[in-house]
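What follows is the residue order along each chain.
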Amino acid sequence: MPSSVPADIPEAAGTARQAAAPRRSGVSLLGSELKVLFGRRRTWALLLALAAIPVLTAIAVRVSSAVPPGRGPAFLDRITQNGLFVAFTAMLVSVPLFMPLAVGVVAGDTIAGEANLGTLRYLLVAPAGRVRLLLVKYAGALAFCIVAPLTVGLAGAAIGAALFPIGPVTLLSGGVVQPQEAALRILLIAAYLAVSLAGLSAIGLFLSTMTVVPVGTMAATVVVSVVSQVLDQLPQLEWLHPWLFSHYWLGFGDMLRQPMVWDSFGSNALLQAGYVSVFGALAYGRFVTKDILS
Amino acid sequence: MHGDGARRRRPWLRWLPAAAAPVVIAAASLAGSLPAGASNPLPAKTPAQVLELAAGHQVRAFSGTVEQSADLGLPELPAAGKPAGPASPGSVASVIELLSGKHSARVFMDGQDNARIQVMDQLAERDVVRHGSDVWFYSSKDNTAEHATLPAHVQDPAQSKERQGGGGVHTPADVAQQFLSRIDPTTAVSVGPDVSVAGRAAYNLLIEPRTDGTLVGRVAIAVDGENGMPLSVQVTARGAGKPAFVSQFTSLSLEAPDASVFAFTPPPGSTVKELPVPDRPHGPSGAHTPGAMHGDAKGNVSVTGTGWETVVGTLHGSASAAGSLLQDPLLSQAAVAVPGGRLLSTALLNVLITDDGRIFAGMVPAERLQSAAAAAR
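Since this is a predicted model, take the numbers as computed values, not measurements.

Participant: Explanation requested: the overall build of chain B in the structure shown.
Facilitator: Helices and strands together make up the secondary structure of chain B, namely ten helices and 18 strands. Buried residues in chain B amount to 42% of all 377 residues. The long-range share in chain B, meaning contacts at least 24 apart out of those at least 6 apart in sequence, stands at 60%.

Participant: Explain the sheet that holds strand S17 (residues 350–354) of chain B here, please?
Facilitator: In a beta sheet, neighbouring strands are held together by backbone hydrogen bonds and run either parallel or antiparallel to one another. Residues and elements named next belong to chain B. Taken in spatial order, the six strands of this open sheet run S13-S14-S18-S17-S16-S15, and their pairing is antiparallel. Both edges of this open sheet fall to strand S13 (301–304) and strand S15 (336–338), since each of them pairs with a single strand only. Each neighbouring strand pair of the sheet contributes to a mean axis angle of 25 degrees, computed without reference to strand direction. Pairing analysis gives four bridges linking S13 to strand S14 (residues 311–314), with the strands arranged antiparallel. Bridging from a neighbouring strand, threonine 304 pairs with valine 311 of S14.

Participant: Got a minute to help me understand helix H8 (residues 179–208) of chain A in this structure?
Facilitator: In an α-helix, one full turn covers 3.6 residues, which means residues spaced three or four apart are oriented alike. Residues and elements named next belong to chain A. The end-to-end C-alpha distance of H8 is 42 Å, a good match for the 44 Å that 30 residues give at a rise of 1.5 Å each. Along its length, H8 shows its largest kink, about 30 degrees, at alanine 198. Across the 30 residues of H8, 22 count as buried, placing the element largely inside the fold.

Participant: In this structure, what is going on with the interface of chain A and chain B? I would like to understand it.
Facilitator: Accessible area lost upon the coming together of the parts serves often as the stated size of an interface. Contacts between the two partners involve 27 residues from chain A and, on the opposite side, 30 residues from chain B. For the side of chain A that touches chain B, the class distribution of residues is 15 nonpolar, eleven polar and one charged.

Participant: Quick question: what am I supposed to make of the nonpolar core here?
Facilitator: The nonpolar side chains of a soluble globular protein tend to be buried, and buried together. If you look at the biggest cluster of nonpolar residues, it comprises 88 residues, and the most contacted ones within it are Val103, Cys145, Ala148, Leu193, Ala202 and Phe279 of chain A. Sort the elements by how many residues they give to this core and H8 of chain A lands first, with 16 residues.

Participant: Teacher, can you tell me more about the pairing of strand S6 (residues 144–149) of chain B here?
Facilitator: Regular strands show a simple pattern: their side chains alternate between the two faces of the sheet. Residue and element names in this part refer to chain B. Across six bridges, the pairing between strand S5 (residues 134–139) and S6 is antiparallel. By the bridge assignment, phenylalanine 137 is partnered in S6 with glutamate 146. By the bridge criterion, four bridges tie S6 to strand S12 (residues 271–274) in an arrangement that is parallel. Across the sheet, histidine 147 pairs through a bridge with glutamate 274, a residue of S12.

Participant: Explain the UniProt feature "transmembrane region" (unreviewed entry) in chain A to me, please; I cannot follow it from the model alone.
Facilitator: Residues and elements named next belong to chain A. Under the UniProt annotation, the feature "transmembrane region" (unreviewed entry) is placed at residues 44–64, 84–107, 138–166, 186–207 and 269–288. End-to-end, the C-alpha atoms of residues 138–166 are 38 Å apart, and along that stretch the chain is 90% helix and 0% strand. Secondary structure across residues 269–288 divides into 100% helix and 0% strand, with the first and last C-alpha atoms of the span separated by 27 Å.

Participant: I would appreciate a short explanation of the environment of leucine 150 of chain A in the present structure.
Facilitator: Tracing the chain through its elements places leucine 150 of chain A in helix H7 (residues 130–163). Expressed as a C-alpha distance, the spacing of leucine 150 of chain A and isoleucine 186 of chain A, which sit 36 residues apart in the sequence, is 8.5 Å.

Participant: Any chance you could explain the confidence of the model for chain B here in plain terms?
Facilitator: The predicted coordinates ought not to be read in detail in places where the model reports low pLDDT. Residues and elements named next belong to chain B. Residue-level pLDDT values for chain B average 79, and 75% of them are 70 or greater. A low-confidence stretch, residues 77–89 stays under pLDDT 50, and its non-local contacts, those more than four residues away or across chains, total 31 contacts. Low pLDDT (under 50) marks residues 280–298, which in the prediction has 50 contacts with non-local residues, meaning those over four places away or in another chain. Across the interface, the model reports ipTM at 0.81; the global pTM reads 0.84.

Participant: It is not clear to me how the pairing of strand S11 (residues 245–253) of chain B should be interpreted in this structure. Could you clarify?
Facilitator: All names here are of chain B. Both strand S1 (residues 61–70) and S11 contribute to a ladder of eight bridges, which runs antiparallel. Across the sheet, residue alanine 70 finds its bridge partner in S11, namely phenylalanine 245. In the sheet, strand S10 (residues 230–237) pairs with S11 via four bridges, with the strands oriented antiparallel. Considered in S11, the bridge of valine 233 is made with serine 247.

Participant: What is the right way to read the sheet that holds strand S8 (residues 200–208) of chain B from this model?
Facilitator: All names here are of chain B. Spatially, the twelve strands line up as an open sheet ordered S7-S8-S9-S10-S11-S1-S2-S3-S4-S5-S6-S12, and their pairing is mixed. Sheet topology places strand S7 (188–197) and S12 at the edges, where each strand pairs with a single neighbour. Averaged over all adjacent pairs, the angle separating strand axes in this sheet is 15 degrees, with direction ignored. Across the sheet, helix H3 (residues 47–55) touches S7, S8, strand S9 (216–224) and S10, and the angle it forms with S7 is around 65 degrees. Here helix H6 (residues 172–180) sits on the sheet and contacts S1, S8, S9, S10 and S11; the angle it forms with S10, its principal contact strand, is near 50 degrees.

Participant: Just checking my understanding: could you explain unusual backbone geometry for this structure?
Facilitator: Among all residues save glycine, negative phi is the norm, and among peptide bonds the norm is trans. With an omega of -5 degrees, the peptide bond between glutamine 258 of chain A and proline 259 of chain A qualifies as cis. Within the element layout of this structure, proline 259 of chain A appears in the loop between helix H9 (214–231) and helix H10 (263–289). Phi angles above zero are rare outside glycine, and leucine 123 of chain B is one such case at about 60 degrees. Along the chain, the position of leucine 123 of chain B falls in the loop between strand S3 (114–121) and strand S4 (124–131). For leucine 123 of chain B, a count of 21 C-beta atoms within 10 Å corresponds to the buried category. Positive phi outside glycine occurs at asparagine 143 of chain B, with the angle close to 55 degrees. Using a count of 20 C-beta atoms within 10 Å as the deciding quantity, one classes asparagine 143 of chain B as buried.

Participant: So what exactly am I meant to see when it comes to the environment of tyrosine 138 of chain B here?
Facilitator: By the secondary structure assignment, tyrosine 138 of chain B is in strand S5. Residue class for tyrosine 138 of chain B comes out buried when judged on the 26 C-beta atoms lying within 10 Å of it. With 51 residues separating them in the primary sequence, tyrosine 138 of chain B and valine 189 of chain B have C-alpha atoms 40 Å apart. Once residues lying within four places of it in the same chain are set aside, the contact partners of tyrosine 138 of chain B are Gly174 of chain A together with Asp127 and Ala145 of chain B.

Participant: Explanation requested: the packing of H8 of chain A against H10 of chain A in the structure shown.
Facilitator: Angle between the axes and distance between the axes are the two parameters that describe a pair of packed helices. Residues and elements named next belong to chain A. Viewed as axis vectors pointing N to C, H8 and H10 meet at an angle of 20 degrees, and their least axial separation amounts to 8 Å. Taken as axis vectors, H8 and H10 run roughly parallel relative to one another. The element H8 and its partner H10 pack so that their crossing is left-handed. Across from Tyr192, Val195, Ser196, Ala198, Gly199, Ala202, Ile203, Leu205 and Phe206 in H8, the residues of H10 making contact are Phe265, Asn268, Ala269, Leu271, Gln272, Tyr275, Val276, Phe279, Gly280, Leu282, Ala283 and Arg286. Classifying every residue of the contact of H8 with H10 gives 15 nonpolar, five polar and one charged.

So, how was this worked out
Residues numbered from 1 in each chain as written. Chains lettered and ligands numbered in written order. Predicted model: local features only at pLDDT ≥ 70, side-chain atom pairs only at ≥ 80, totals over all residues. Helix = DSSP H or I, 4+ residues; strand = E, 2+ residues; numbered from the N terminus. Buried ≥ 20, exposed ≤ 12 C-beta atoms within 10 Å, placed from the backbone. Contact = placed C-beta atoms within 7 Å. Pairing = 2+ DSSP bridges. Axes fitted to C-alpha atoms, helices over the stretch in contact; angles between N-to-C directions. Expected span 1.5 Å × (residues − 1). Bend = angle between axes of the 7 residues up to and from the residue. Nonpolar A, V, L, I, M, F, W, Y, C, P; charged D, E, K, R; others polar. Core = buried A, V, L, I, M, F, W, Y, C linked by C-beta atoms within 7 Å. UniProt positions renumbered as here; feature names shortened; annotations may be inferred. pLDDT = per-residue confidence, 0-100. Parallel < 35°, antiparallel > 145°, perpendicular 65-115°, else oblique. Left-handed = near helix turned anticlockwise from the far one by under 90°.

Right, here's the structure in full:
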């Protein structure tokens, strides 16, 4: 289990020491949380694994024969003509499993990880307040949700530029945009995916307050995301689909239309806000009432 | 600490937000889904006046989003198993795919000669762009573009509409026209309570054919209270409770769209195909049936019956058309063998493919198709 690797302990204890200092503002608590999160080897391993998706895709396309049009995941057949499509393909491929997996690990670890290491009570010794700790932990998970899709997109654009020609990008509507605007669209898709993962992070945060076993929370979070996507495929449950947090995950294609469509971005943001409020409130109810024993 | 005290004394208070959040969300979604109250009721109109309003609408420039959902009883596959976008926008498979399930399309129109329909699939798009006499079909799935030049005789708007249709997705106005043209003296026409479509107040025109010779039970057309444009069409099959086919605007702007929307050049790397120019315009009303879509039916169309009982058929057998229809795996499974041929039966439309390759279609019971096929022999 990665979180009990000894290398992690001094860092987590560092958070605890800082937490013990009186009257720290929420900002410095957030700063130290981000430092711990992005200082962890596990976080870097997750980001590297995500960055490997576009790299492997690009190399596979490079060494293999041309992909016939219309085969494989969307955009795959365009890569040989334009390297920027590596970024689109990789983001598409990573949405169903790899992104939720990485986010599940980070969000599932938020509270349960500290409890498992025995550092949670130190964090709460000072009058930091459980609410503030919860908020800071969620903000840390959100930061990872922003960084993860960005990593995939930027790594994809970089490896695509290295292995393939870069040129004007054909959008879904048949229009063509210059590489600069295509780069902007990659950033927009990354933003779309960051919003998409916010609800899953809130679910992970809530599950994380339920137990002291972080692996259980991580697994449960990933399972929830898979179940949601499976339910989204069943036509018999059509009434449920707009309420599933994964319903708009693949709607980021709307960022690649001309004129751009913002409907799915808006609906997605609203849906994720609903999930964040429900599971945030559940996490609050659970976290402020539970007895912290570790 | 104050918070600790409250936590110990009344822990249930801490669960209040968790209980309140779903309630608030449920209330908000309910409030959002309620039909907007008639804050500004439309002046009362008789059915005849509403029909006149719809017939005289002059809206030629708009942009909006159309949602079409069809539950015709065709076999439904899980979304994962569906092809995300068939090869050709006009192909039989494409039409069948568009006539089942839910589809969302953006529609841009400006005058008679500028139109664009974007059928928005997940991570793909099918476009039909008309600019002057040029018509482009584009499918992002396989990056193919097809070009057709409209001959002079199709320039007049009523007929060019046939070619503008997004291969199965039409504006509610086009769909409504199909039904408005079938109104005859035996049809009951009434006006229901006002409805709100895409944020606009509309008359709810209810059309009920009073004949057993059709599968259609009731058609509800929302006619814009201001300009008369049909905003939504709901078709309910005879004896059914829920509409089998719904086409409606979910958003609508009456401003002329930007001219750049109608400019289309095939993107670099795409496969471009030139479509043959049709010699003659397609048959007027039945042109949306799969056989006529194929263009094999030109000069070969027989129309029997009138109004709701209209049956459109081909006079001479065309083995290629029938063969291509039955090659589609979905169709060949759905088509059942009946005396005289194979029948594709849906809630609103029956299609009979006779043994000698002729195709008959209509919104009529299967027996009428069989008798029409026998009579035309």
